[in-house]
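Architecture and fold: a report
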Amino acid sequence: MTKAASPRLDHLLIADMVDAGSRVLDVGCGDGALLRLLADRKRVDGRGVELSQRGVNECVAKGLSVIQGDADTDLADYPDDGFDYVILSQTLQATRRPREALQNMLRIGRRAIVSFPNFGYWRVRAQLAFRGRMPVTGNLAYSWHDTPNIHLCTIRDFVELIDLLGAHIERGVALDHAGAPIRVNAPWWVWNLLGEQAIFLLERDAPPRSS
Amino acid sequence: MFPVEQALVTDGGGRIAPLAIGFQTYGELNADRSNAILLCHALTGDQYAAGVNPVTGKPGWWDAMVGPGKPFDTDKYFLICSNVVGGCMGSTGPSSVNPGTGKPYGLDFPVVTIRDMVRAQAMLVDHLGIETLFCVAGGSMGGMQVLQWAASYPERVFSAMPIATAAKHSAQNIGFNEVGRQAVMADPDWRAGRYLEQSVRPEKGLAVARMSAHITYLSEAALQRKFGRKLQDRSAPTFSFDADFQIENYLRYQGVAFVERFDANSYLFVTRACDYFDLAADYGGSLARAFKDTTTRFCVVSFTSDWLYPTSDSRAIVHALNAGGASVSFVEIESDKGHDAFLLHEPMFIATTRGFLEAAAAARGLRAGA
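All values derive from a computational prediction rather than experimental measurement.

Looking now at the overall build of chain B. Each helix and strand counted, chain B has ten helices and 13 strands in total. Its C-alpha atoms give chain B principal-axis dimensions of roughly 65 × 50 × 40 Å. Here chain B displays about 14600 Å² of accessible surface, and carbon together with sulfur accounts for 54% of that area. Taken together, the 32 basic and 37 acidic charged side chains of chain B have centroids lying 1 Å from each other.

The following block contains the structure:
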């Protein structure tokens, strides 16, 4: 491949969480950069779902198996345990029903990897608290009126939701403004304040409840 | 043309012998015979996918897609396009001579299915000495053949592109086909299918069949944009049943042009084959089972304004492939050109096809230049 750009750090961290040779479904796979990385470095058998025509075309042209579809409506059609990992990278906040999306992910795969922008990040809090404006950051780069992000949450909110879903967190990483991981032994409130985004590896506790 | 010694035994229990299949090839087969692509034509298409069709003098039906540097690159791939059994362009069909009677088959020709068409194609591919097809691609009825190929011969199909198609015909599809067949059979010149012996042809009926079918290939938006209520060569209605409107004139032209190149009985047989198509039914009602453990790479394509084979039909195929764990891509192309979009110059469709084939070629280890 002729790609010159180096992989995104969050993609590398996700790839770190995936066992080599496993079956992966990337939901909201965009231009397929993560799937490509996983195929190249981890030899995964990867599939993608992407909403935009442009993204799907780019993926198909890269030789990736990607279908045009919507995380909110199409995950229900996937059979139980079809994949080892289901990934939702920077897409959770754009889903209509994040809880159902996560439930489906943990049904389709025993493990799920979710990354999302942390709305508890101090710069976000500061923009709202001191400027009285809806936050616009690198990770949340839209004005309030044209953003695809409709379900924003903090790291704390997310951790609480995972408890409700009958799953647990295997690993978690928060990334600071520079994209560097925050020290693992830092307490939760530090993550929630300093993490601009978070990546979680989730594992389902019990066999899937078929929908 | 390819005559076979072997008879084709049809799903309906018929027997077609001798069997001839009209076919065309483009490009060159490489040394290890790994670069062959089978193109499957739609209902009334033929083997002339590219270049100039010698019968109509018009460009081949996939001229936009097939040729040097085009997605189906004739510099890189060896393309085979066969006329389906039951057709009328060099393949054995109802206008062929029945060896039992010495007269044209007419309705004595066995009713053929999509699977029969694919069986005949497989005999042709065998004859050409090709074990595994690099790709099988086609739209509409051709797409059904692609699905049937992938289900019947999974180990012989490296990649597959079912385009603007369905795994089964809907009631609406069957309904439109029945209108066409009834139009043919209502023509007094049809003569219970024995018109060739009586040196007549049911041209009016076949033209009507084509006119109604043609509407289903277009979209309401495209028809409106192209024709609206515009009048043809006049400034006011004539208060008669002349073709006052441009759309009437257009459809009449389509009908007339069609009867010049197509046989009425073949029309009955190929539409019937489509109506009988229900791939899941052959696998206990489960489409996923048709593709179980397949290693074929699929790229399913639909068009937003296709109401004959709507995107939901393609989604059903994709769901089944997903459930079977197949490697599948699915693209819905934004187009207002209706079902026929797959035959027209649609840049997004062309780009998708190119990308899919190039990636599949890389996976197969195909190199340019045979």
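From this point, the narrative continues.
If you tally the helices and strands in chain A, you get eight helices and seven strands. Computed over the C-alpha atoms, the radius of gyration of chain A is 17 Å, within 12% of the 17 Å expected from 2.2 N^0.38 for a compact globule of 211 residues. Out of the 211 residues in chain A, the part that is buried amounts to 51%. The long-range fraction of contacts in chain A, counting pairs at least 24 apart against all pairs at least 6 apart in sequence, stands at 68%. Per element, the accessible surface of chain A, about 10100 Å² overall, is 52% carbon and sulfur. Taken as two groups, the 25 positive and 26 negative side-chain charges of chain A have centres that lie 4 Å from each other.

Once that is clear, we can look at the state of the cysteines. Enumeration over the complete set of coordinates arrives at zero disulfides over all chains. In this structure A:Cys29 is a free cysteine whose sulfur lies 4.0 Å from that of A:Cys59, the closest cysteine sulfur available. Taking relative accessible area as the criterion, A:Cys29 reaches 6% and is therefore assigned buried. Here B:Cys81 stays free of any disulfide, with the sulfur of B:Cys40 as its closest cysteine sulfur at 7.7 Å.

Within the structure shown, the criterion is met by 22 aromatic pairs over all chains. Measuring from ring centre to ring centre gives 5.1 Å for B:Trp61 and B:Trp62, while their planes differ by 20°; the resulting arrangement is stacked. As far as burial versus exposure is concerned, B:Trp61 and B:Trp62 are alike and both buried. Put simply, the rings of A:Phe116, A:Phe158, A:Trp188, A:Trp191 and A:Phe200 pair up and form one aromatic cluster. Lying over the aromatic face of A:Phe83, A:Arg23 brings its terminal NZ or CZ to 5.0 Å of the ring centre. The residue whose ring lies beneath B:Arg210 is B:Phe258, and the NZ or CZ to ring-centre distance is 4.5 Å.

Next up on the list: the environment of B:Val9. In this structure, B:Val9 sits in strand β2 (residues 8-9). If we ignore the near neighbours within four places in the chain, the residues touching B:Val9 are B:Gly14, B:Asp116 and B:Arg119.

Taken together, the 19 residues of chain A in the interface contact 22 residues of chain B. The junction of chain A with chain B conceals about 1500 Å² of combined surface from both sides, 49% of it contributed by carbon and sulfur atoms. Counting the contacts that link chain A with chain B gives one salt bridge. Residue B:Arg315 is joined to A:Asp74 by a salt bridge in which the shortest nitrogen-to-oxygen separation is 3.2 Å. Remark: the boundary between chain A and chain B carries 14 residue pairs in polar contact (both at pLDDT 80 or more). Partitioning the side of chain A that touches chain B into residue classes produces eight nonpolar, six polar and five charged.

Moving on, we get to unusual backbone geometry. Excluding glycine, most residues fall at negative phi; most peptide bonds, likewise, are trans. Residues and elements named next belong to chain B. Each neighbour pair has its own omega, and for Ala17 with Pro18 the value is 0°, a cis peptide bond. Tracing the backbone through its elements, the reader meets Pro18 in the loop between β3 (15-16) and β4 (19-21). Phi is positive for Arg33, close to 55°, though the residue is something other than glycine. As for its position among the elements, Arg33 is in the loop between β5 (23-26) and β6 (36-40). The exposure class of Arg33 is partly exposed, given its relative accessible area of 39%. For Ala192, which is not a glycine, the phi torsion comes out positive at approximately 55°. Position of Ala192 relative to the elements: it lies in the loop between α3 (171-186) and α4 (203-217).

Within the largest apolar cluster, 110 residues are counted, with the highest numbers of intra-cluster contacts made by A:Phe158, B:Val85, B:Trp149 and B:Phe291. Broken down by element, the residue count for this core peaks at eight residues, all from helix α1 (residues 114-127) of chain B. B:Phe291 has contacts with B:Leu147, B:Ala150, B:Ala151, B:Leu279, B:Phe298, B:Ala320, B:Leu321 and B:Gly324, leaving out every residue within four places of it along the chain.

Residues and elements named next belong to chain A. On the surface, Leu128, Met134 and Trp144 cluster together into a nonpolar patch covering about 370 Å² of accessible area. The topology assignment puts Met134 in the loop between α6 (122-131) and α7 (155-164). Take Met134: its relative accessible area is 44%, and that puts it in the partly exposed class.

Attention now goes to the environment of A:Asp31. Residues and elements named next belong to chain A. As for its position among the elements, Asp31 is in the loop between β1 (23-27) and α2 (33-42). In the structure, Asp31 is positioned 41 residues away from Asp72 in sequence and 19 Å away in space, judged by C-alpha atoms. Those residues within four positions of Asp31 in sequence are excluded, and the remaining contacts are Gly55, Glu58, Cys59 and Lys62.

With that settled, the discussion passes to the pairing of strand β10 (residues 133-139) of chain B. All names here are of chain B. For β10, a buried count of seven out of seven residues is recorded, marking the element as mostly surrounded by other parts of the structure. Sheet topology note: the β6/β10 ladder contains four bridges and is parallel. Paired with Ile37 across the bridge in β10 is Cys135. As judged from the six bridges shared by β10 and strand β11 (residues 157-163), these two strands associate in the parallel manner. Across the sheet, residue Gly138 finds its bridge partner in β11, namely Pro162. Assessed by its sense of winding, the connection that carries the chain from β10 through helix α2 (residues 141-152) to β11 is right-handed.

Let's shift gears to the confidence of the model for chain B. Model confidence for chain B is summarised by a mean pLDDT of 95, while 98% of its residues fall at 70 or above. Overall fold confidence for the complex sits at a pTM of 0.89, while the interface term, ipTM, reaches 0.78.

The subject of this paragraph is a negative patch on the surface. Taken together, the side chains of A:Asp157, A:Glu160, A:Asp163 and A:Asp205 present a region of like negative charge at the surface. Along the polypeptide, A:Asp205 turns up in the segment after β7 (197-204).

Looking now at α2(B). Residue and element names in this part refer to chain B. Compared with the 16 Å implied by 1.5 Å per residue over twelve residues, the 16 Å span of α2 between its first and last C-alpha is a close match. Burial of α2 is extensive: eleven of the twelve residues sit out of reach of the surface. For α2, the full list of buried residues reads Met141, Gly142, Gly143, Met144, Gln145, Val146, Leu147, Gln148, Trp149, Ala150 and Ala151.

Reading the values: rules and limits
Residues numbered from 1 in each chain as written. Chains lettered and ligands numbered in written order. Predicted model: local features only at pLDDT ≥ 70, side-chain atom pairs only at ≥ 80, totals over all residues. Heavy atoms only, no water. Helix = DSSP H or I, 4+ residues; strand = E, 2+ residues; numbered from the N terminus. Areas by Shrake-Rupley, 256 points an atom, 1.4 Å probe, with all protein chains shown as cover. Lys, Arg positive; Asp, Glu negative; His and termini not counted. Charge placed at Lys NZ, Arg CZ, Asp CG, Glu CD. Rg over C-alpha atoms; globule rule 2.2 N^0.38 Å. Buried < 20%, exposed > 50% of the residue type's maximum accessible area, 1.4 Å probe, protein only. Contact = heavy atoms within 4.5 Å. Disulfide = S-S within 2.5 Å. Phe/Tyr/Trp six-rings, centres within 6.5 Å; stacked < 30°, edge-to-face > 60°. Lys NZ or Arg CZ within 6 Å of the ring centre and 35° of its normal. Buried area = accessible area lost by both parts, 1.4 Å probe. Salt bridge = Lys/Arg side-chain N within 4 Å of Asp/Glu carboxyl O. Polar contact = N/O pair within 3.5 Å; in protein donor to acceptor, adjacent residues only side chain to side chain. Nonpolar A, V, L, I, M, F, W, Y, C, P; charged D, E, K, R; others polar. Core = buried A, V, L, I, M, F, W, Y, C linked by side-chain atoms within 4.5 Å. Patch = residues over 30% accessible without salt bridge, like charges linked within 9 Å, V, L, I, M, F, W, Y side chains within 5 Å. Pairing = 2+ DSSP bridges. Right-handed = clockwise from strand over helix to strand, strands pointing away. pLDDT = per-residue confidence, 0-100. Expected span 1.5 Å × (residues − 1).

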